[in-house]
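Report on the structure
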Amino acid sequence: MSTLYDTEHLKRSDAANILHPASVVADVSNNGPARIFVEGKGAFITDTDGNRMLDGVGGLWCMNIGYGRTEIGDAMKAASDQMGYFHTFAGASNPAQIGLAEKLMAKMPDHITKVFFGSSGSDANDTLMKIVWYYNGLRGKPEKRKIIARKQAYHGTTIATASLTGLASFHRNFGLPIPEVKHTSLPHYYREAKPGETEEQFSARLANELESLIIAEGPETVGAFIAEPIMGAGGVITPPKGYFKAVQAVLKKHDILFICDEVVCGYGRTGHWFGHQLYDIRPDMIATAKGLTSGYFPMSAAFISDDIWKVLHDGSATLGAFAHGFTYSGHPVGAAVALANLAIIEGENLVANSAETGAYLHAQLNDTFGHHAHIGEVRGVGLLGALQLMADRDTKTGFDLKHKIAARCAAAIGNHGVIVRPLPTADSLAFSPPLTLDRGEANQMVDAIKKGIDQVMGELSADERKGMAA
Ligand code: PLP
C-alpha cells in the first residue's frame, strides 16, 4: 500500500474532535488513537503506516466473511441506487427485508416465527426487553418485569442493556443498573467451582442460586432471563455440563422467558449457525446482530416465538399500534447487505470452516499452552475462544487485575502482527477471527500469541508474578 495518509495529522484531528467509545478519554485525547485502519482483505487489515495485521478478533466479533468483500459493496450500491431508503413503519415494507426475513426464518427453530429488525445488538436486546414487558402487560401480569442477567455478561450499552451487562464499569458513574435488572452467578467452572465440585454439581448449584434469586424477588415480578450460549466479552465462558438444562427447568417452573443473546454466537461463529443449537437451548426470544451483516452495515434481527407473537397479535385489538421501532428498522440497504453476507457464508461453507479450522486452532492452542505456567485454560468452540491468564497455573493463582496483564499481552501480540482482544475483568485474551480463516493463518495466530505472552511473562516483576489467590 502506498502511504497516502498523514498519520500524525489524522491522530491530532481525531484527538481534537472525537469522543471514542469504550476508551480512556484522557488517553485518546492526549495521545490520539493507537492505530488508524484504512483497508482490509480476508483476515488482514492495514493501517495508515502500511502495517498489516491478522485480525484475530474479526473487528468486534463481527467480521465473519472477511474484509474487503466486493460482493457486499455491489449489493450495497445496487440497493442504494435503486431506492436508498424508505421506512417500515405503519405497514410499509421493502422486498429486501421480506427476503431476509424469509431466509432467516428458515434457519430458526420452528417455534420462532417473527423477526424485528433494528441497527445494533443493544437495540435488539432493548427491543426484546420491551416486548417482555408488553407481552406480560397484555397477559394481565404487568408486574412481571424484572430481567435476570449474569454477572460479567455483556449485552449492550443503552440504559436498559448496560443494566443487563454485568460489568461494574458499565454501571459505575451512570447510576445503573435500573431496578428491573438483577444479576445471577457467572457460570465459569474453571474459576468459580468449589474444590471437588463436578461440572454437573456446579451447574445444579447455579440453577439453585438462580431459583433462590427468583423466589427472593418474587416469581410474579420476574419476566425473563437473558444469556448468551457462550458468554463473549465476559470471557468467552462456555457453559458447564448441564447448565442450560438446569436453568431452563427453573425458568419453566416460574413462567419466565429465555432471551438468548446470539449477538456474538450467531451466524456461524461457533461452527453452528446459532449457539443455542450447541446446548439444547429452547429460547423464547433471540437477539442477533454483528455476523448478520459481518459489520458491513449496522443491522440487528430480534426474534420472538409464536406464543409471544399470538399475544401481541390479539393485543392489538385493545392496544392499537405496537409503539416501538427505529427509523432504520428493515433498512433496504442493510437487508441487501445481510442477504449478500448470508449468501457468502452459505456459498463458501463458512459455518463448516468455523467448526473445522476452529477445531484445528483450538488443538494448536492446547498443544502450545496445555502445560504453560501462565495459561490456566484454553476455552471456546469453533472460531470463538479465549486463553485464561494466570500468575500460577499449578496453584490456580490469578494475576492482580491492576497490573493489566491481558492488555499488555494483547499489545505484545499486536507487535507480532496479530490482534487479540484483552478482556480485563476475566483476565483473558479472546479471539474470534473471520470464518474464512485457514490453517496457515491459524498457525500465524498461535505463533504470535505464544511470542507475545512469553515476552510479557518474561518481563514480570516479582510483585506481578505473585498474583492474587482466588
Ligand atoms: N450482546 C452481545 C453478546 C454483545 O457482545 C454485544 C456487543 O459486543 C451486544 C449485545 C451489543 O451490540 P452493539 O454493540 O451492536 O450494540
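Predicted model, so just to flag it, every value in this text is computed and none were measured.

This next bit is on the overall build of the chain. Check the secondary structure of the chain and you find 16 helices and 17 strands. For 470 residues, the compact-globule estimate of 2.2 N^0.38 gives 23 Å, and the C-alpha radius of gyration of the chain, at 22 Å, lies within 12% of that figure. Projecting the C-alpha coordinates of the chain onto the three principal axes gives extents of approximately 65 × 60 × 45 Å. The burial tally for the chain puts 54% of its 470 residues in the buried class. The contacts of the chain with a sequence gap of at least 6 include a subset with a gap of at least 24, amounting to 72%. Seen as two clouds, the 43 positive and the 50 negative side-chain charges of the chain have centres 4 Å apart.

One can describe the packing of helix 4 (residues 70-82) onto helix 12 (residues 332-347) by two numbers: an axis separation of 8 Å at closest approach and a directional angle of 150°. Overall, the two elements helix 4 and helix 12 adopt an arrangement that is roughly antiparallel. Seen from above, helix 4 lies across helix 12 with right-handed handedness. Contacts between helix 4 and helix 12 pair Glu71, Ile72, Ala75, Met76, Ala79 and Ser80 from the former with Pro332, Val333, Ala336, Val337, Ala340, Asn341 and Ile344 from the latter.

Taken together, Ser120, Gly121, Ser122, Asn125, Tyr154, His155, Gly156, Glu228, Asp261, Val263, Val264 and Lys290 form the complete shell of residues around the ligand. Measuring from an oxygen atom of the ligand, one finds a backbone N or O atom of Gly121 at 2.8 Å. The separation between an oxygen atom of the ligand and a polar side-chain atom of Lys290 is 2.9 Å. Expressed as a share of its isolated accessible area of 390 Å², the protein-covered part of the ligand is 83%. Looking at which element gives the most residues to the shell around the ligand, the answer is helix 6 (residues 121-138), with three residues.

Let us look at the domain arrangement of the chain. Reports of interface size often rely on the accessible area that becomes lost once the parts have come together. When its domains are assigned, the chain resolves into domain 1 (35-68 + 350-468) and domain 2 (72-347). Averaged C-alpha coordinates put domain 1 and domain 2 at centres separated by 27 Å. Opposite the 34 residues of domain 1 that make contact, domain 2 presents 34 residues. In total, about 2700 Å² of surface goes out of reach between domain 1 and domain 2, with carbon and sulfur atoms giving 62% of it. Among the residues domain 1 hides against domain 2, the three largest losses belong to Trp61, Ile65 and Val351. Together they make up 24% of the total. Along the contact surface separating domain 1 from domain 2 lie zero salt bridges. There are 19 residue pairs in polar contact (both at pLDDT 80 or more) connecting domain 1 and domain 2. Elements represented by at least two residues in the side of domain 1 that touches domain 2 include exactly helix 3 (58-61), helix 13 (350-369), strand 11 (375-381) and strand 12 (384-389). The leading source of residues in the side of domain 1 that touches domain 2 is strand 11, at five residues.

The subject of this paragraph is the pattern of salt bridges. Scanning the model with the defined rule gives 21 salt bridges in all. Among the ionic pairs, Glu199 bridges to Lys241, the shortest N-O distance being 3.9 Å. Within this pair, whereas Glu199 is found in helix 9 (residues 199-217), its partner Lys241 is found in the loop between strand 7 (222-227) and helix 10 (243-253), the two being separated by 42 residues in sequence. Given the relative accessible area of 25%, Glu199 is considered partly exposed. Here Lys402 and Asp400 are joined by a salt bridge, their closest N and O atoms 3.7 Å apart. Residue Lys402 is classed as exposed on the basis of its relative accessible area of 58%. Through salt bridges with shared partners, a single ionic network connects Arg69, Glu71 and Glu348.

The next thing to look at is the nonpolar core. Nonpolar side chains in soluble globular proteins tend to be buried together. Core analysis: the biggest nonpolar cluster contains 96 residues, and Phe225, Tyr267, Leu389 and Ile453 have the highest contact counts within it. In terms of residue count, helix 12 provides more of this core than any other element does, nine residues in total. For this core, the two domains that each supply at least three residues are domain 1 (35-68 + 350-468) and domain 2 (72-347).

The description of an aromatic ring pair rests on the distance of the ring centres and on the angle between the ring planes. Enumeration over the complete set of coordinates arrives at eleven aromatic pairs. When the centroid spacing of 5.2 Å and the interplanar angle of 75° are considered together, the rings of Tyr134 and Phe322 count as edge-to-face. Of this pair, Tyr134 sits in helix 6 while Phe322 sits in the loop between helix 11 (306-319) and helix 12, and the two are 188 residues apart along the sequence. Its relative accessible area of 32% is what places Phe322 among the partly exposed residues. Ring centres of Phe244 and Phe258 lie 5.9 Å apart, and the angle between their planes is 45°; on these two criteria the pair is classed as tilted. Here Phe244 is found in helix 10, whereas its partner Phe258 is found in strand 8 (residues 257-261), with 14 residues between them in sequence. Owing to a relative accessible area of 3%, Phe244 belongs among the buried residues under this scheme. Its relative accessible area of 2% is what places Phe258 among the buried residues. Three or more aromatic residues joined by ring pairs make a cluster, and in this case those are Phe225, Tyr243, Phe244, Phe258 and Tyr279. Between Arg145 and the ring centre of Trp133, over which it is positioned, the NZ or CZ distance is 3.8 Å.

For the rest of this paragraph, the subject is the confidence of the model for the chain. Residues with a pLDDT of 70 or more make up 99% of the chain, whose mean pLDDT is 96. Within the chain, no element has a lower average pLDDT than strand 17 (residues 468-469), which sits at 70, and none a higher one than strand 9 (residues 285-288), at 99. Scored by ipTM, the complex comes to 1.00, with pTM at 0.97.

Calculation rules
- Positions within a chain are numbered from 1, following the residues in the order the chain's sequence is written.
- Residues qualify for local features only when their pLDDT is at least 70, as the model is predicted, and side-chain atom pairs are given and counted only at 80 or more; totals for whole chains, interfaces and linings, by contrast, use all residues.
- Derived side-chain values reflect all non-hydrogen atoms in the structure, with water molecules and hydrogen atoms excluded from consideration.
- Working definition: helices are DSSP H or I runs of at least four residues, strands are E runs of at least two. Numbering for both runs from the N terminus.
- Put simply, the radius of gyration uses C-alpha atoms, and a globule should come to 2.2 Å times the residue count raised to 0.38.
- Categorising residues by exposure relies on relative accessible area from a 1.4 Å probe, with only protein chains included: less than 20% of the type maximum marks a residue as buried, more than 50% marks it as exposed, and the intermediate range marks it as partly exposed.
- The contact criterion used is simple: two residues touch if any of their non-hydrogen atoms lie within 4.5 Å.
- Within this scheme the basic residues Lys and Arg register as positive and the acidic residues Asp and Glu register as negative, but His and the chain ends are omitted.
- In this description, the location of a charge corresponds to atom NZ of lysine, CZ of arginine, CG of aspartate or CD of glutamate.
- What counts as an axis is a line fitted to C-alpha atoms, over the stretch in contact for a helix, and the angles between N-to-C directions run from 0 to 180 degrees.
- The scheme is simple: roughly parallel for angles under 35 degrees, roughly antiparallel for over 145, roughly perpendicular for 65 to 115, oblique for anything else.
- If you view the pair so one helix is near and one far, a crossing is left-handed when the near helix is turned anticlockwise from the far one by less than a right angle, and right-handed when it is turned clockwise.
- Here a residue counts as near a molecule or strand whenever at least one of its heavy atoms sits within 4 Å of it.
- Contacts described as polar in this section are N or O atom pairs within 3.5 Å, which, within protein, must combine one atom able to donate a hydrogen with one able to accept it, while residues neighboring in sequence count only if both atoms come from side chains.
- Accessibility throughout is a Shrake-Rupley quantity obtained with a 1.4 Å probe, and a residue counts as covered only by protein chains that appear here.
- Domain ranges listed in this record stem from an automatic or a database domain assignment.
- Summed over both partners, the accessible area lost on bringing two parts together, with a 1.4 Å probe, is the buried area.
- Each salt bridge in this description consists of a side-chain nitrogen of Lys or Arg and a carboxyl oxygen of Asp or Glu lying within 4 Å of one another.
- Within this scheme, the nonpolar core is defined by two criteria: the residues are buried Ala, Val, Leu, Ile, Met, Phe, Trp, Tyr or Cys, and they are joined through side-chain atoms within 4.5 Å.
- Between 30 and 60 degrees the pair is tilted, below 30 it is stacked and above 60 it is edge-to-face, where a pair is any two Phe, Tyr or Trp rings, Trp via its six-membered ring, whose centres lie within 6.5 Å.
- Here, over-ring charges are defined by two tests on the NZ atom of lysine or the CZ atom of arginine: distance to the ring centre within 6 Å, and angle to the ring normal within 35 degrees.
- pLDDT is a per-residue confidence score from the predictor, ranging from 0 to 100.

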